[in-house]
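Structural overview
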Amino acid sequence: MTSEETSAIIMECNESQNPQDAVLSKVKIGDDGTNLPKLILNYFEPSGSHPDPAKGTSSTYSPQLNKLFANIHKDVKIGFETDFAPAQKSYIRCTQRFELEEYQNEVVKRCPNHSEPNLFNGNHILTVDSTEPPRNVIYANDSDGRPVVCIQYLDQAEHCRGEEFIIRFKFHCLSSCSSRRKMCLLFEVVHDNGDVMCSHTMPVLISTCPGRDRFRHEKKAMMEVIDADVEEDGDDDPRGDDDGVFLVEIDDPRAKELLRLFMAGLELNDFKKLD
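Since this is a predicted model, take the numbers as computed values, not measurements. (Residues numbered from 1 in each chain as written. Predicted model: local features only at pLDDT ≥ 70, side-chain atom pairs only at ≥ 80, totals over all residues. Heavy atoms only, no water.)

1. Re the packing of aromatic side chains
Per the counting criterion, the structure on display carries seven aromatic pairs. Summarising the aromatic geometry, the rings of Tyr-43 and Tyr-61 are spaced 6.2 Å apart at their centres and angled 45 degrees between planes, so their arrangement reads as tilted. Of this pair, Tyr-43 sits in strand β3 (residues 39-44) while Tyr-61 is found in strand β4 (residues 59-62), placing the two residues 18 residues apart along the sequence. For Tyr-43, a relative accessible area of 1% translates into the label buried. A relative accessible area of 1% places Tyr-61 in the buried class. For the ring pair Phe-80 and Phe-187, a centre distance of 5.2 Å and an interplane angle of 65 degrees mean the geometry is edge-to-face. Within this pair, whereas Phe-80 is found in strand β6 (residues 76-82), its partner Phe-187 is found in strand β12 (residues 183-190), the two being separated by 107 residues in sequence. Each member of the pair, Phe-80 together with Phe-187, is buried. (Phe/Tyr/Trp six-rings, centres within 6.5 Å; stacked < 30°, edge-to-face > 60°. Helix = DSSP H or I, 4+ residues; strand = E, 2+ residues; numbered from the N terminus. Buried < 20%, exposed > 50% of the residue type's maximum accessible area, 1.4 Å probe, protein only.)

What follows is the structure in structure tokens.
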């Protein structure tokens with residue numbers, strides 16, 4: 001993982017007078033503690049989200065995976081900060097691309113089922129709400145033919161160091177439409193002359209149930225870590241031996257009680273077999 005992909009998680013309570021802007025928490029992503037110019041993202045958890053991330057939500061961010069899980073056609077609110085004052089006429093450029101190197105030369109755009117040829121941005125998977133507040137948003141293709149979205153800073157205050165630049169995004173195609181290839185978002189602060197001042201890359205999965213997918217992906221990553229540890233230990237597998245003896249270490253009192261009930265059920269079942 002590169003320094004721009006390193007995540008520092010800060011949870012902050014944020015109260016708002018506008019119910020649409022009510023936020024449960026804000027996740028700060030990309031502050032790696034170095035002195036290099038950096039683009040820091042603030043992901044806003046949707047208001048009214050269920051406390052359990054596996055339940056219904058329009059979007060959710062996984063700190064463990066440094067990955068955004070978003071629902072199609074739903075708002076995703078992200079704030080941008082820089083640790084320097086961007087030059088006049090700077091803008092945020094957003095590009096969606098495939099994450100794996102073998103597919104990075106391919107263009108990411110909407111599938112035929114989600115494409116809207118009659119719209120000027122009908123092939124863009126990513127669109128921006130340019131009305132709140134009003135912003136100058138440009139939809140174009142870069143030199144490689146990739147659809148990009150460019151959002152200009154609103155006023156001089158947003159160029160100042162520490163001023164947050166908030167944007168509402170929507171995704172208009174599913175990750176499964178691209179043969180389930182891993183996707184990512186590339187955010188760049190670009191000078192008017194084309195120079196990239198800093199950037200940040202965030203993996204993203206677009207689906208109809210982001211909470212469920214986050215839970216599944218985190219569980220899969222956890223099992224991969226466990227399996228890797230077992231392979232390193234070789235014969236010292238803590239999960240059991242050929243005689244069917246298992247060693248289970250539990251610190252959580254609630255988990256201990258569940259295990260006790262489970263073992264009691266096994267013993268009862270053994271007695272029934274003897275009868």
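2. Describing unusual backbone geometry
Here the phi dihedral of Asn-66 falls at roughly 50 degrees; this positive angle occurs in a residue that is not glycine. Residue position: Asn-66 is located in the loop between β4 and β5 (67-71). Judged by relative accessible area, Asn-66 falls into the buried class, the value being 3%. Look at His-73: it is not a glycine, yet its phi comes out positive at around 65 degrees. With respect to the element layout, His-73 can be found in the loop between β5 and β6. The class of His-73 is partly exposed, set by a relative accessible area of 42%.

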